[in-house]
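Chain by chain, the residues run as shown.
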Amino acid sequence: MIATVLFLVLILTLFLSVPIGICLGLATMAVMILVDGTPPLVLLARSVVTGADSFPLIAVPLFILAGDLMQHGGMSRRLVGFANALIGHIRAGLSYVNVLACVFFAAISGSSPATVAAIGSNLIPEMEKVGYTRRFSASLTASSGMIGVMIPPSIPFIIYGVTAEVSIGKLFLAGIVPGVMFAVMFMIVARFLLRNETKVIGNTRDFDASLITTSFRKSVWALLVPVIILGGIYSGIFTPTEAGAVAVVYAAIVGKFVYGDLEWSDFPTILAESARTSGMILVLVIMATAFGRVITLAQIPADLAGWLTGLSDNPIIILLLINVLLLIIGMFMETISSIIIMTPILLPVATALGVDPIAFGVIMTVNLAIGFCTPPLGVNLFVASGISGVSIEKLSRAILPFFAGMIVLLMLITYVPSLSLALPALW
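These numbers come from a predicted model, not from an experiment.

**Looking at the overall build of the protein chain**
- When its secondary structure is counted, the protein chain shows 23 helices and zero strands.
- At 22 Å, the protein chain has a C-alpha radius of gyration in line with the 22 Å of a compact globule built from 427 residues.
- For the protein chain, the spread of C-alpha atoms along the three principal axes comes to 75 × 50 × 45 Å.
- For the protein chain, buried positions account for 55% of its 427 residues.
- Here the protein chain has roughly 17500 Å² of accessible surface; of this, 69% comes from carbon and sulfur atoms.
- In the protein chain, 19 side chains carry a positive charge and 19 a negative one; their mean positions are 11 Å apart.

**Here we look at the pattern of salt bridges**
- This model, assessed by the stated rule, comprises five salt bridges.
- The partner of E126 in a salt bridge is K129, with the nearest N and O atoms 3.2 Å apart. Highlighted residues: E126 and K129, both in helix α7 (residues 112–129), separated by three residues, approximately one helical turn.
- Given the relative accessible area of 37%, E126 is considered partly exposed.
- For K129, a relative accessible area of 62% translates into the label exposed.
- Residue E263 pairs with K256 through a salt bridge whose shortest N-O separation is 4.0 Å.
- By relative accessible area, K256 is classed as buried at 16%.

**Focus: the side chain of S112**
- For S112, the position within the fold is in helix α7.
- Polar contacts involving the side chain of S112 include one to the main-chain amide nitrogen of M146, which spans 3.5 Å.
- Not counting residues up to four positions away in its chain, the partners in contact with S112 are G145, M146, G148, V149, F372 and N380.

**A look at a nonpolar patch on the surface**
- On the surface, a cluster of nonpolar side chains totalling about 1100 Å² of accessible area is made up of W307, L311, I316, I317, L320, L321, V324, I328, F332, L412, Y415 and V416.
- Where the nonpolar patch is concerned, the elements lending two or more residues are α16 (300–311), α17 (315–332) and α22 (400–415).
- Sort the elements by how many residues they give to the nonpolar patch and α17 lands first, with seven residues.
- Checked against the element boundaries, Y415 lands in helix α22.

Calculation rules
Residues numbered from 1 in each chain as written. Predicted model: local features only at pLDDT ≥ 70, side-chain atom pairs only at ≥ 80, totals over all residues. Heavy atoms only, no water. Helix = DSSP H or I, 4+ residues; strand = E, 2+ residues; numbered from the N terminus. Rg over C-alpha atoms; globule rule 2.2 N^0.38 Å. Buried < 20%, exposed > 50% of the residue type's maximum accessible area, 1.4 Å probe, protein only. Areas by Shrake-Rupley, 256 points an atom, 1.4 Å probe, with all protein chains shown as cover. Lys, Arg positive; Asp, Glu negative; His and termini not counted. Charge placed at Lys NZ, Arg CZ, Asp CG, Glu CD. Salt bridge = Lys/Arg side-chain N within 4 Å of Asp/Glu carboxyl O. Polar contact = N/O pair within 3.5 Å; in protein donor to acceptor, adjacent residues only side chain to side chain. Contact = heavy atoms within 4.5 Å. Patch = residues over 30% accessible without salt bridge, like charges linked within 9 Å, V, L, I, M, F, W, Y side chains within 5 Å.

Here is the structure:
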């Protein structure tokens with residue numbers, strides 16, 4: 001009865017286009033009012049307060065604000081310039097520059113759509129000038145943007161860490177190797193797709209060591225961001241939350257006083273944009289606290305575990321089913337919402353199979369990151385489409401070769417957990 005009311009109200013409100021955070025709260029409230037034997041309604045208010053009272057959760061608005069300051073402060077443009085100087089001379093080099101720039105910006109933003117917006121607005125027009133089609137450039141950027149939630153700092157990793165009560169620092173480390181693997185895969189697929197594009201391959205500049213030196217000097221302040229954030233966390237100087245505060249101060253100082261791209265008049269707009277984004281995410285998180293308690297009360301995780309093990313007692317098959325479920329959810333639901341709702345349901349199933357919670361966090365994040373690139377939700381597709389002018393339909397077809405590579409690596413990360421756990425084991 002609890003599960004029926006809970007998900008019926010949730011689905012109904014979602015179809016009515018009610019914001020997901022409010023949907024979670026209304027579904028929880030409906031269970032407490034309509035179902036006998038459930039906790040009193042005051043539990044919802046208490047859960048909202050206790051859900052918001054979380055020190056690690058403060059990292060989310062801080063990293064969002066830091067990312068906005070870095071994007072408006074000219075760091076993304078300088079990172080693209082450095083990536084271009086570094087590998088732009090290689091045949092079909094701008095495609096590699098696109099991917100490498102996404103890796104650089106991922107290490108300072110923690111957001112996939114922000115990575116696509118920052119890199120795409122700089123590189124898609126430049127790639128078109130030297131012969132790349134807009135479809136290819138936009139599909140590559142939309143795909144590479146998913147690295148934004150894998151390379152630390154990652155906002156989905158923070159949300160998963162808070163929801164699953166696992167180390168955010170270890171999650172950050174766990175995302176590095178998979179993130180690099182995806183970057184290499186995108187470069188390989190891009191080179192394969194360009195194998196017959198003689199104009200693109202032939203339009204390559206000469207190697208210029210002085211250009212590397214010059215662009216490095218311009219971008220060094222941006223390149224120092226991941227060094228400061230990750231170095232501070234893993235050396236024990238500050239926590240991930242404190243790292244977010246350091247990133248905000250650093251981005252503001254560099255953008256205003258070093259690069260000079262930020263004006264005092266820009267700060268109210270940046271703060272307002274960040275506040276809107278942070279507000280949506282934090283409402284989700286605090287409402288999900290009560291929602292998760294009701295899910296546990298209804299024994300939904302135990303029932304799901306029993307249902308999956310009833311289908312098969314083979315962990316390989318069960319993990320495959322979990323992946324399929326998460327891929328489908330990622331197509332229709334926003335990543336943060338999916339993590340908040342599905343973690344308390346699927347994590348007990350995964351741990352019962354012997355999957356490490358850190359490794360499962362990477363599996364879940366990669367699955368849902370693929371959802372950034374798949375319609376109908378596909379936020380990366382919409383961002384890339386808006387920048388390039390290529391329709392969502394054409395972009396969805398152009399991204400298929402990259403999607404195939406994503407699925408191959410997803411399977412590899414799922415069934416070879418050491419890829420995710422090697423670095424956390426050293427910390």
